[in-house]
Amino acid sequence: MSGPAIEYGTIDEVRGPLVIVRGVSGVGWDEFARIRLGSGELRHGLVLEVDGDLAVVQILEDTHGLDPATATVTFDGAPLRIPVGPQWLGRVCNGRGVPIDGGPPIVGTTTAPVNGSPLNPTVRQPPADPVLTGISAIDALTTLVRGQKLPIFSVAGLPHLELATQIAAQASVGGEPFSVVVAGMGLTHTDAAAARDVLEERSAAGELLLLLNTADEPVIERILTPRIALTVAEHLAFTLGRHVLVVVADMTNYCEAVREVSAARGEIPARHAYPGYLYSDLASLYERCGRIRGRPGSVTILPVLTMPAGDITHPVPDLTGYITEGQIVLSAEVYGRGITPPIDPLSSLSRLMRHGAGPGRTRDDHLDVAAQLLAALARARQVRELAELVGSGALTATDRCYLTFEDAFTQVLVDQRVDEARSLDDTLDRAWRALAALPRPELTMLPATVVAAHLGTVAAADDGAEAASDA
Amino acid sequence: MTRDGAGAAGRVRRVNGPVLEVERLRGVAMADLVEVGAARLPGEVVALRPDRVTVQVYEYTGGITPGDPVVALGRPLAAPLGPGLLGGVFDGLLRPLSGAPVWLRPGVTRVADDRVWSFEPVAEVGQPLGAGEEIGRVTDAGPLPHRVLVPPGLAGTLEAVRPAGRYPAHEPVATVGGTGVDLTTWWPVRRARPYRARLDGAVPLTTGQRVLDAVFPLALGASAAVPGGFGTGKTVLLQQIAKWCDADVIVYVGCGERGNEMADVIEDFAQLADPRTGGRLADRTVIIANTSNMPIMAREASIYTGVTVAEFYRDMGYHAVVIADSTSRWAEALREFASRTGALPAEEGYPAGLASALAAFYERAGRVSTAAGQEGSVTVVGAVSPPGGDLTEPVTAHTQRFVRTLWSLDRDLAYARHYPAVTWAGSYCRDADAIGGWHVQHGDPGWASRRAHVVALLAEADRLAAMAELVGVTALPGPERMVLLAARLLREGVLQQSALSPTDARCAPDRSAALTDMVLGVLAACRDLIEAGVPATTIEAVDFSPVLRAREETTDAGQVERRAELVVAGLAELR
């Protein structure tokens, strides 16, 4: 960006998304490049390698129609920076941050490098306090904590995008300044349109930035999309003091883009042909969440990914799981029963929940209720397996209460319309209605006084029947 | 340590991520340090050819251009070892992070130690001193006396020593055999510090975690690995060991792990009272934080830095524990580097040298007689994060060959909220017999038989449970049903241990033994009842919650024993 940029017309080789430029000087690794085609069309790229006077440039769009004889390349002189600030809020852009909402380009005097810098671990403030999603199953059992990264693991065909947009549309942080950044990667046009539709209201209110890279847009562009989202989010959070929720979907598409670039560069493949550095690459995104000691604001990341063939040991969910602090797992089996969102509470976990829920943060009874719900669900599942083996007639009365409880839990608490935002009180009260199906002595994780306060002193069996019929 | 030729500048030729090729750089040796570009990014020489030097850079190389200068420093990657390590937080190259900027941009972290320390001489001028012998002490460097030793490789007469007073870290406080000795000395991290001899016999490291101390113990100076998929509680278990084990010094290496987790460790350790010294736990801990988004090559170095720091304290005669979370991320750094230099890949893209690199790391553990003849030890505990929980992947498979103790974490146990999720089927301890011998001499002659009993009971229960799934529990004979019952009591009442519990996060060995004995006693009593003709269903219906709650509700072995008597007496009433 300093001095007149030199225009190189010396493209030697084009291979997949890569262009090799000869005769360059002063070009640094990871610099941003602009490629002007003979037709005048402008494309963008990143320097992947420099060797003497050779530069290998990865084109973000694609290389179709690029004629080495007529195209020229200029280099920015620095790794890519983008303008940052509140002017992004309320906008809809493509995966490279170019507006597609008919508005003016996004400009600003403050810029930041899209790659970010690692946060000094000693200034990190451990996450605390909740981001309330308005989704009962998440708020009650896997509370999202400010500064956390909590992915949604899904499989193809489940409504994970609907869930993600619903969270983006209705999440809140109890009245403090709050913004949402949504980065969609490799979405179909139908999904993209649906997301725009759901998020329109929040976007119009100037609380939301939407970055959309659709499935037919260049794959390589996807490498940039989450970085733009996080760079904007970091500035909103740590300079402007807002709480920012970043929703990135679908990370599986992102990882495929990384794999494609790696293959084009001829790198040695690791598991499933993903590059060996996929973990570090994902970490360079996910680790941009957090809070900083002595500053207001937080970045919370909610990545959404589809597990190819439902395989949780596939590198994308596996490496994600190693970096993130828990996971929300969607289940085809739950969806098959007509429940939305189809969350499987027993395989879902928010590791930081105890920092985000409970006395002073949500409600005094929250953590105990959550522990009791999970314990009871685990028991209910065992009972259901047993019932399948021996027949429900052989179950004890207590065991049958657990089955009633599970039904009430699913229908009263988990099942929720996609346009329904529930308050935390509503969510926890629904949890109590489900717990009412259980005999009192079974509620071992809840202090007796709390049980009495919420369920009164009536006989448990009647309560159970009531909750079930209520459902 | 500086050789001739330091300061000669070369020029960058090729940049591929953290790997550079440099031209015209002369007078460098393998593994020498260099500084790259105007920002003076640190890097290390990893390959030498007649016309090219390959360098791995420890920071983000964005913007580095062919033609940028590269300066050889003429010394290998070394860590400054001295007072001020305890209680500190450092990056993978042992550069202090406390006080560093909020955002770690390339080139901002520097080793700049301008603190002064109170030094008191111990040796007298004219005294002959060998390597590792004590010259004096620093009295204000944490709860442990910080001994200033004659550095390895140096010996001679103490020609001069400064009087008691306050001195900066990088200034000689003594002259031995013509060489000045600073309070802080440098040591190349990839080389093990020398010692006199390895010591025979096994002394257990008490971790305060029942399943470890009673079933899969770790000896001082041995090595352990903790493989486990995500969500199996690996990090919590390592943190518990760091908090409660009875070593003198803890070196916690966060190697390619989560930033929030590191923040948690730093905050936790700063708040926790140290049961041994009454101060803060952080005061005898060295934290090396190289989170997953920090430069990957510094992650590669952080493991060696950590074990070097531990050896430094070992040489002062202390027991140090290195906890590395996670060695898999370190191996990934090795793989990334190998791939960028075009090395031939072996298994899953890892370099062929992976196994020997792992072996060399774990072999730096040891209980030794130091150069000055004192006893000290370095115990290594490494987490392994197998991709997809696959224990046959190269890092896990190789690690298992080199460690003495394996604590395998199991996802099914973790999902059932059985923490620590150490599986009895997949874990082992190769020093168990030797540790049993130690316990015989130190007041617990029943340790080995108790452990054998527990291991056999758990294995038998697993076998029976598999059978019960087929035929139903009620089809099993009474004695077998008692085994299943006792195994459940053992799992829930002894092996499970809550890291969050104020009373049970740490369990003393005698209380741990008492809890186990209680369950074994209950089993014996139940078997007697079966023999006396009491139906198994009746015994199974007994409320065993006093046994299960004992771990939370008792604080010493005596209370457990009294409770055990009551439970057994209650059972006798069933006759």
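*Asks:* Hey, could you run me through the nonpolar core in this one?
*Replies:* Nonpolar side chains tend toward joint burial in soluble globular proteins. Core analysis: the largest hydrophobic core is formed by 137 residues, its most contacted members being Val246 and Phe405 of chain A. Take this core: its biggest share by element is ten residues, from helix H4 (residues 221–238) of chain A. Other than its neighbours up to four places away in sequence, valine 246 of chain A contacts Val181, Ala229, Leu230, Ala233, Val299, Thr300, Ile301 and Leu302 of chain A. Leu104, Leu464, Met482 and Cys507 of chain B belong to the second-largest nonpolar core, a separate cluster that totals 88 residues.

*Asks:* What is the right way to look at the pairing of strand E3 (residues 18–22) of chain A in this model?
*Replies:* Two faces, one strand: in a regular strand the side chains alternate between the faces of the sheet. Residues and elements named next belong to chain A. When you tally the buried positions in E3, you get four out of five residues, the bulk of the element. With four bridges connecting them, strand E2 (residues 11–15) and E3 associate as antiparallel partners. Bridging from a neighbouring strand, arginine 15 pairs with leucine 18 of E3. Connecting E2 to the antiparallel partner E3 that follows it, the hairpin turn spans two residues, and glycine 16 within it adopts a positive phi of roughly 55°.

*Asks:* Is there a simple way to explain the domain arrangement of chain A in this structure?
*Replies:* Interfaces are frequently sized by the accessible area removed from exposure as the parts join. Residues and elements named next belong to chain A. With domains assigned, chain A is organised as domain 1 (7–79), domain 2 (83–356) and domain 3 (366–470). Computed over C-alpha atoms, the centres of domain 1 and domain 2 are 30 Å apart. Residue-level contacts link eleven residues of domain 1 with ten residues of domain 2. Summing both sides of the interface, domain 1 and domain 2 together bury roughly 990 Å²; the carbon and sulfur share of this comes to 64%. Counting across the domain 1 and domain 2 interface gives one salt bridge. Across the salt bridge formed by arginine 96 and glutamate 61, the nearest N and O atoms sit 3.3 Å from each other. Counting every contact that joins domain 1 to domain 2 gives four residue pairs in polar contact (both at pLDDT 80 or more). If you list the elements that add at least two residues to the side of domain 1 that touches domain 2, you get strand E5 (42–51) and strand E6 (54–59). Its residues assigned to classes, the side of domain 1 that touches domain 2 shows five nonpolar, two polar and four charged.

*Asks:* Would you mind going over the confidence of the model for chain A with me for this structure?
*Replies:* Where the model shows low pLDDT, its predicted coordinates should not be examined in detail. The predicted model of chain A averages 91 in pLDDT, with 96% of residues at 70 or higher. Of the regions scoring below 50 in pLDDT, residues 459–471 of chain A engages in 17 contacts with residues more than four places distant in sequence or in other chains.

*Asks:* Looking at this model, I keep getting lost on the sheet that holds strand E14 (residues 165–168) of chain B. Mind explaining?
*Replies:* Paired through backbone hydrogen bonds, the strands of a sheet run either parallel or antiparallel to each other. Residues and elements named next belong to chain B. Pairing within the open sheet is antiparallel, and its four strands lie in the order E12-E11-E9-E14. Looking at which strands have only one partner, the edges of the open sheet turn out to be strand E12 (146–149) and E14. The average undirected angle you get between the axes of adjacent strands in this sheet is 45°. Sheet analysis places strand E11 (residues 134–138) next to E12, joined by four bridges and oriented antiparallel. Residue pairing in the sheet places glutamate 134 in a bridge with leucine 149 of E12.

*Asks:* Help me understand the state of the cysteines in this model?
*Replies:* Linking two cysteines covalently via their sulfur atoms produces the bond known as a disulfide. All names here are of chain B. Across all of its chains, the model carries zero disulfides over all chains by this definition. Lacking any disulfide linkage, cysteine 429 is separated from the closest cysteine sulfur, that of cysteine 245, by 16 Å. Take cysteine 429: its relative accessible area is 11%, and that puts it in the buried class. The closest cysteine sulfur to the non-disulfide-bonded cysteine 507 is located on cysteine 245, 15 Å from its own sulfur.

*Asks:* Would you mind going over the side chain of arginine 451 of chain B with me for this structure?
*Replies:* Residues and elements named next belong to chain B. Assignment of secondary structure puts arginine 451 in helix H10 (residues 447–471). Summary of buried charges: arginine 451 has no salt-bridge partner, and the nearest side chain of opposite charge, aspartate 433, is 5.8 Å away. Not counting residues within four places of it along the chain, the set of residues in contact with arginine 451 comprises Ala214, Val215, Phe216, Pro217, Cys429 and Ala432.

*Asks:* I tried to follow helix H12 (residues 509–531) of chain B on my own but got confused; where do I start?
*Replies:* The α-helix advances 3.6 residues per turn, and as a result positions three or four apart in sequence lie on the same side. Between its first and last C-alpha, H12 of chain B extends 33 Å over 23 residues, near the 33 Å set by a 1.5 Å rise per residue. Taken from the residues just after H12 of chain B, glycine 533 of chain B is the one with a positive phi, measuring 95°.

*Asks:* Looking at this model, I keep getting lost on the interface of chain B and chain A. Mind explaining?
*Replies:* Counting from both sides, the interface comprises 65 residues of chain B and, opposite them, 60 residues of chain A. Summing the contributions of chain B and of chain A, the shared interface buries around 5,100 Å²; its carbon and sulfur component is 54%. It is Trp103, Phe230 and Asn260 of chain B in chain B that bury the most area against chain A; as a group they hold 16% of the surface buried on that side. At the surface where chain B touches chain A, the tally comes to five salt bridges.

Calculation criteria
- Residues numbered from 1 in each chain as written.
- Chains lettered and ligands numbered in written order.
- Predicted model: local features only at pLDDT ≥ 70, side-chain atom pairs only at ≥ 80, totals over all residues.
- Heavy atoms only, no water.
- Core = buried A, V, L, I, M, F, W, Y, C linked by side-chain atoms within 4.5 Å.
- Buried < 20%, exposed > 50% of the residue type's maximum accessible area, 1.4 Å probe, protein only.
- Helix = DSSP H or I, 4+ residues; strand = E, 2+ residues; numbered from the N terminus.
- Contact = heavy atoms within 4.5 Å.
- Pairing = 2+ DSSP bridges.
- Domains from an automatic or database assignment.
- Buried area = accessible area lost by both parts, 1.4 Å probe.
- Salt bridge = Lys/Arg side-chain N within 4 Å of Asp/Glu carboxyl O.
- Polar contact = N/O pair within 3.5 Å; in protein donor to acceptor, adjacent residues only side chain to side chain.
- Nonpolar A, V, L, I, M, F, W, Y, C, P; charged D, E, K, R; others polar.
- pLDDT = per-residue confidence, 0-100.
- Axes fitted to C-alpha atoms, helices over the stretch in contact; angles between N-to-C directions.
- Disulfide = S-S within 2.5 Å.
- Lys, Arg positive; Asp, Glu negative; His and termini not counted.
- Expected span 1.5 Å × (residues − 1).

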